[in-house]
Amino acid sequence: MNNDTKLLNQLFELKSKIDQENLSDKFERNFQRLFALLEEEGLFFKDPIGELYNDARTDVEVSIVGKESSQMRITKVIKPIIYKKEGGNALLLQKGVVIIEKA
Amino acid sequence: METVNYGIDLGTTNSLIAKFENGRVTIFKNPIGQKETLASVVAFRKDRILVGDKAREYIAKDPTNVFGSFKRKMGTDSQYYVVNMDENVTPITLSSYVLKELKTFLRNGEKPQAAVITIPASFDTMQSNATQKAGIEAGFKNVFLLQEPIAASLAYFNHAAQQDKSGYWLVYDLGGGTFDVALIRIEDTDMQIVDHEGNNFLGGVDFDTAIVEEILIPEIVQKTGLENLKEEISSSGTHEKLYYILLHKAEEAKKDLSYQESTEIEFTLDLAKGDSEDIVLTITRERFNQIISEKINLTIQMVQQILERNSLSSSQIQQIILVGGSTYIPYVRERLVDSLAITVNTDADPTSAIAEGAAYYAGNKYYQPVAEEDTELSELTIDSLLDDFSENTTNIDLDIQLSYMKATQEEEEMLLVKVQGNTDGYQYRLIRDDGGFDTGFMPLKTKFTEFLPLIAHVQNLFTFRVYTATGEELAGLMQKLAIAQGQYVIQGQPLPKDICIEVDDKENNTTKLELIFERNSLLPQKKTLYREVSRTIKAGSDERLIINILEGDRFVRPVSCLVIACIEISGKDISSDLLKGSDIEVSLMIDESRQIHCSVYTVMTEQEFKHVFSVSEKQVSVPRLKDQFMELEQELRSALKMMSFSDENQWQTACEQLLDELESHKKDLLKLKENDKSDKKFIIAEAVQRIAGSFDKLGGAERLTQMQTEYFEARDFVEQHLPSVYFEKENLTNKFKKIVQSEEQILRTRNASILTNAITRLNKLGWEVLYNDLGYLIGRYGEFKSWDPSRYTNYTAVEKLFQLADKALENEQYNTFRQNVYSITHLTKGSTEFKPKNEDFKGTGIG
């Protein structure tokens, strides 16, 4: 794992904690700034929380909680999906690590 | 005869593919996720077959359709019943799926006919034959087998400097889920496995589980009092979610402990009634070693058993070669050294050593390529010939049409696939090129749809491939799809010109343009710029920040562009001083009706200034107008001076007229108040813009050609002198590269002000280059010394500098010498080389 990925993972954790404490408004501008700075380097992450899951999603590594179902949703994100933009295209730097449950 | 070159580690837990080429081995990466390893797991989902990591995710939840560790059953009559297919599959077929998937890692367009596949030392003839058959099922025409410990040794020997390798060697292979140890004897060129031991249920996964069960759960129980946690936490218990989180954290902690003495695990524990508790636990390497020591002891016992059985002492073993990801654990290495007193060798990469060794072996292994007419008509080859026949004929008959939107604002886009021809037995696979989406192998139908998930604001590239039933790709049917997400709106209008912000160029006492939105970008567009205040604005003062948004060409002078939005923030508007260097955020949005929404946030005073501008409203900042006026005046004057040296009288006359026209507005400009409500500032601004434009066009194509020549002369000058630069060579080379990287665009625009700008920058760089060339400096210094004192502004100071420079030169203190020559330059009369253009320059206040 390179330092870019580590940095974004820390940022994601930080943001998750702040969201959990309902302090998002207070730090929104700072996060926007951080994300903009990272985006200048082509780096960005995606938090897939709440998204539907299917077999073709290879952008996440999943653990299935409960019984498997035809409609599964991402209920916990342990690590976000990290991309790097290069020449207008995106490279997947890190797959998300998530937990999925019956939707 | 051809060399095989391809080596495959067909592992119980993970598999890899490598190629020997030009004396080196390349380990191929999975296009999905860019990992070298592929999980040896196959999942028969309802509508598709998944192979690898994605399949492994279902192994606990869908055991009737997902299979792993089938290598252990190779060569037996075991069959796996697949509920979703209502049929049995053999370990051979499952292995062939893994091999076929490994072939998709190859991005060199090759379709290998032969491969070396590794097998454990313990494999008997039946198991070996089964592996060979799996290779043939996967489409290889020739399969050669190689024992894994031999492969690992080969990988090591290719890294080792040691010449004489004769004697006994041990290969200790501790992987993710299995352990194997083998004793190898080498005599001259003969390498043979003498004995081996193994445990199919001992590996890194067991260590992760041990961290969860023996360290984390007891600590959580102690911290929270959740006494039943140990019984309830498992992959099927009530705390299942927590179990998976802990398992993931445990794996990370294990990796951290390979290179640090302790690590922390942090997670949120959801308690009853919606409460939660943040828990941070520290794990030391010592504690981790304690919990895995029993398992490591088991492996050492097996090594000792081998030595005893073969009546060998440790001293008779050359080295112990470590293979498998779990041998990264320092404790494993320490225990082996302490218990066995054998030199531990970690030169080969533990993860890829077997595949690497297989590829080395394949690089020296020859096979006869199969020519169809020469093929012996065995049952197997008849089948393959029939396959090839049907492949070739169907290949011609299949016509595939993909329909999709090339640009969208949606997060996913529908792909419609229509196929003409007989689709029976064919499969397709659609992969997003970053590896974040993969349909797996799907049966090809005459008409079907796929929903393609898209990454925001980028060009999403997908590859659609068609395969035969045996997994051979029909290369001629491959198609690429590109879908731009969020970048274009179908009915959006494009920006006719670049949109830029005017920022200070302090180095040159002027302003420059910085691109915000590029020409032809489709509306709406939104962006936030982060800049710094370039000079202090005192609260209550008349000083001001000017946010000028301009429309035009990004390469021209700001004065030639149209101001489409302007926000002025005066010292009277701010609640406290805005210090130089403090942050400023400018958010700009241009909507589809081309209204500009601009907001400026000064971080230091925490104030926000918003405005909505319509392009039909002209925006003029009086202080900026004054600056721009002065700059243009100066530019015209210096151009006139240059023209007076040439024969271009016509240009000179035209330039004089432009200067006269500009001067005619000077009186009004000087009288202009900052809060002027009349239309005078608009009249002057329009004149300044028009005169700048006319000046750019002056001389037409002839002047442009002359300027292009000047450009190339300036460029060549810098290029020729750069190699002899003594000081700051790297910095100056970078500056040069930066200027010439946009050369093509600069020359193509055929715009005088763009060319003037580039020539000025190159000329300035030329001076810098000369003044950092020691030879030039010494020569220049000699000239200065020969000058008449009247040519200096302060000759007494110059004399002193001469003394200092002489001394510096004598002592070879070249940096000091350079500084002295610079100082002398500043004391010459009429020197303009380093003089700022406009001493009263105020700029925008944005750096």
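Everything numeric here is computed off the predicted structure, so don't read it as measured data.

**Quick notes on the overall build of chain A**
(1) Moving on: For chain A, the count of helices and strands is two helices and seven strands.
(2) Moving on: Counting from the amino terminus, helix and strand elements in chain A follow one another as α-α-β-β-β-β-β-β-β.
(3) Moving on: A separation threshold of at least 6 residues defines the contact pool for chain A, and within that pool the share at least 24 residues apart is 64%.

**Section: the overall build of chain B**
(1) Moving on: Along its length, chain B carries 22 helices and 36 strands.
(2) Moving on: Each of the 847 residues in chain B was classed as buried or not, and the buried ones make up 37%.
(3) Moving on: Counting only contacts in chain B whose residues sit at least 6 apart along the sequence, the fraction spanning at least 24 positions is 68%.

**Details of the interface of chain B and chain A**
(1) Moving on: With 28 residues of chain B in contact, the opposing surface of chain A contributes 27 residues.
(2) Moving on: Those elements that place two or more of their residues in the side of chain B that touches chain A are α1 (53-56), α7 (240-256), β27 (459-467) and β31 (525-532) of chain B.
(3) Moving on: A total of five residues in the side of chain B that touches chain A trace back to one element, the largest contributor, which is α7 of chain B.
(4) Moving on: Classifying every residue of the side of chain B that touches chain A gives nine nonpolar, eight polar and 11 charged.

**Focus on unusual backbone geometry**
Residue and element names in this part refer to chain B.
(1) Moving on: Despite not being glycine, Asp86 has its phi angle at roughly 55°, a positive value.
(2) Moving on: Along the chain, Asp86 falls in the loop between β9 (80-82) and β10 (87-89).
(3) Moving on: With a phi close to 60°, Glu812 is a non-glycine residue in the positive phi region.
(4) Moving on: Mapped onto the elements of the fold, Glu812 is located in the loop between α21 (795-810) and α22 (814-826).

**Describing the sheet that holds strand β21 (residues 399-403) of chain B**
All names here are of chain B.
(1) Moving on: Taken in spatial order, the three strands line up as β21-β23-β26 in an open sheet, and their pairing is antiparallel. Strand pairing shows two members of the sheet lacking a second neighbour, β21 and β26 (447-453), which therefore form its edges. Strand-to-strand twist in this sheet, taken as the mean axis angle between neighbours without regard to direction, amounts to 25°.
(2) Moving on: Across seven bridges, the pairing between strand β23 (residues 412-420) and β26 is antiparallel. The residue of β26 that forms the bridge with Glu413 is Leu452.

**Here's the deal with the packing of α21 of chain B against α22 of chain B**
Angle between the axes and distance between the axes are the two parameters that describe a pair of packed helices.
All names here are of chain B.
(1) Moving on: Packing of α21 against α22 brings their axes to within 8 Å, and their N-to-C directions diverge by 160°. Here α22 runs roughly antiparallel to α21, going by the angle between their axes. Seen from above, α21 lies across α22 with left-handed handedness. Here α21 contributes Val798, Leu801, Leu804, Ala805, Ala808 and Leu809 to the contact with α22, which in turn contributes Thr816, Phe817, Asn820, Val821, Ser823 and Ile824.
(2) Moving on: Tallied by class, the residues present in the contact of α21 with α22 amount to nine nonpolar, three polar and no charged.

**So, the confidence of the model for chain B**
Residue and element names in this part refer to chain B.
(1) Moving on: With 92% of its residues at a pLDDT of at least 70, chain B reaches an overall mean of 84.
(2) Moving on: Across chain B, the element-wise mean pLDDT spans from 48 in helix α11 (residues 379-397) up to 96 in strand β2 (residues 6-10).
(3) Moving on: Scored below 50 in pLDDT, residues 372-395 makes 16 contacts in the model with residues more than four places away or belonging to other chains.
(4) Moving on: Residue range residues 833-838 is modelled with pLDDT below 50. Its contacts to residues more than four positions away, or to other chains, number 13 contacts.
(5) Moving on: In the predicted assembly, ipTM is 0.80 and pTM is 0.63.

**Some details on the environment of Leu16 of chain B**
Residues and elements named next belong to chain B.
(1) Moving on: Along the chain, the position of Leu16 falls in strand β3 (residues 14-21).
(2) Moving on: By C-beta crowding, Leu16 is classed as buried, having 28 other C-beta atoms within 10 Å.
(3) Moving on: Separated by 339 residues in sequence, Leu16 and Ala355 place their C-alpha atoms 6.1 Å apart.

**What about the environment of Met707 of chain B?**
Residue and element names in this part refer to chain B.
(1) Moving on: Along the chain, Met707 turns up in helix α16 (residues 700-721).
(2) Moving on: What makes Met707 buried here is the crowd of 20 C-beta atoms within 10 Å.
(3) Moving on: Spatially, the C-alpha atom of Met707 lies 7.4 Å from that of Thr756, the residues being 49 residues apart in sequence.
(4) Moving on: Discounting chain neighbours no more than four positions away, the residues touching Met707 are Ala752, Leu755, Thr756 and Ile759.

**Focus: the sheet that holds strand β36 (residues 607-613) of chain B**
Residue and element names in this part refer to chain B.
(1) Moving on: Ordered in space as β31-β34-β35-β36, the four strands form an open sheet in which the pairing is antiparallel. Each edge of the open sheet carries a strand with a single partner, namely β31 and β36. Shown here is a sheet whose adjacent strand axes are inclined to one another by a mean of 15°, direction ignored.
(2) Moving on: Across seven bridges, the pairing between strand β35 (residues 596-602) and β36 is antiparallel. When the sheet's bridge partners are listed, Ser599 is paired in β36 with Lys610.

**A closer look at the packing of helix α20 (residues 774-786) of chain B against α22 of chain B**
All names here are of chain B.
(1) Moving on: Packing of α20 against α22 leaves a shortest axis separation of 10 Å and a crossing angle of 45°. In this view, α20 runs oblique relative to α22, as classed from their interaxial angle. Considering how the two elements wind past one another, α20 and α22 form a crossing that is left-handed. For the pair α20 and α22, contact is made by Leu774, Leu777, Arg780, Tyr781 and Phe784 and by Tyr814, Arg818, Val821 and Ile824, respectively.
(2) Moving on: Taken together, the residues that form the contact of α20 with α22 break down as seven nonpolar, no polar and two charged.

**Side note on the pairing of strand β17 (residues 276-284) of chain B**
(1) Moving on: Looking at chain direction, strand β16 (residues 262-270) of chain B and β17 of chain B are connected through nine bridges and run antiparallel. Residue pairing for β17 of chain B: Ser262 of chain B is matched across the bridge by Thr284 of chain B.

**Concerning the nonpolar core**
All names here are of chain B.
(1) Moving on: Counting residues in hydrophobic clusters, the biggest one holds 145 residues, and the most contacted among them are Ile8, Val42, Val116, Leu170, Tyr172, Ile321 and Ala358.
(2) Moving on: Per-element accounting of this core gives the leading share, eight residues, to helix α10 (residues 353-363).
(3) Moving on: When near neighbours in sequence (up to four residues on either side) are disregarded, Ile8 contacts Ser15, Ile17, Leu99, Leu102, Ala115, Val116, Ile117, Thr118, Ala355 and Ala358.
(4) Moving on: Membership of the second largest hydrophobic core comes to 68 residues, among which are Ile567, Ala685, Ala714 and Ile754.

**Notes on the pairing of β3 of chain B**
Residue and element names in this part refer to chain B.
(1) Moving on: The element β3 is extensively covered by neighbouring structure, given that seven of its eight residues are classed as buried.
(2) Moving on: Where β2 meets β3, five bridges bridge the pair, whose relative direction is antiparallel. Counterpart to Ile8 in the pairing with β3 is Ile17.
(3) Moving on: What sits between the antiparallel neighbours β2 and β3 is a turn of three residues.
(4) Moving on: Direction of pairing for β3 relative to strand β4 (residues 24-27): antiparallel, over a ladder of four bridges.

**Details of the environment of Asn820 of chain B**
(1) Moving on: In this structure, Asn820 of chain B sits in helix α22.
(2) Moving on: Not counting chain neighbours up to four residues away, the residues in contact with Asn820 of chain B comprise Leu801, Leu804, Ala805 and Ala808 of chain B.

**Let's talk about helix α12 (residues 622-644) of chain B**
All names here are of chain B.
(1) Moving on: Between its first and last C-alpha atoms α12 spans 33 Å; for 23 residues at 1.5 Å apiece the expected length is 33 Å, and the two agree.
(2) Moving on: Listed as buried for α12 are Val622, Arg624, Leu625, Asp627, Gln628, Phe629, Glu631, Leu632, Glu635, Leu636 and Met643.
(3) Moving on: Along its buried surface, α12 packs onto β30 (510-517), β32 (544-552), α13 (649-663), α14 (666-671) and α15 (680-697).

The rules we used
- Residues numbered from 1 in each chain as written.
- Chains lettered and ligands numbered in written order.
- Predicted model: local features only at pLDDT ≥ 70, side-chain atom pairs only at ≥ 80, totals over all residues.
- Helix = DSSP H or I, 4+ residues; strand = E, 2+ residues; numbered from the N terminus.
- Contact = placed C-beta atoms within 7 Å.
- Buried ≥ 20, exposed ≤ 12 C-beta atoms within 10 Å, placed from the backbone.
- Nonpolar A, V, L, I, M, F, W, Y, C, P; charged D, E, K, R; others polar.
- Pairing = 2+ DSSP bridges.
- Axes fitted to C-alpha atoms, helices over the stretch in contact; angles between N-to-C directions.
- Parallel < 35°, antiparallel > 145°, perpendicular 65-115°, else oblique.
- Left-handed = near helix turned anticlockwise from the far one by under 90°.
- pLDDT = per-residue confidence, 0-100.
- Core = buried A, V, L, I, M, F, W, Y, C linked by C-beta atoms within 7 Å.
- Expected span 1.5 Å × (residues − 1).

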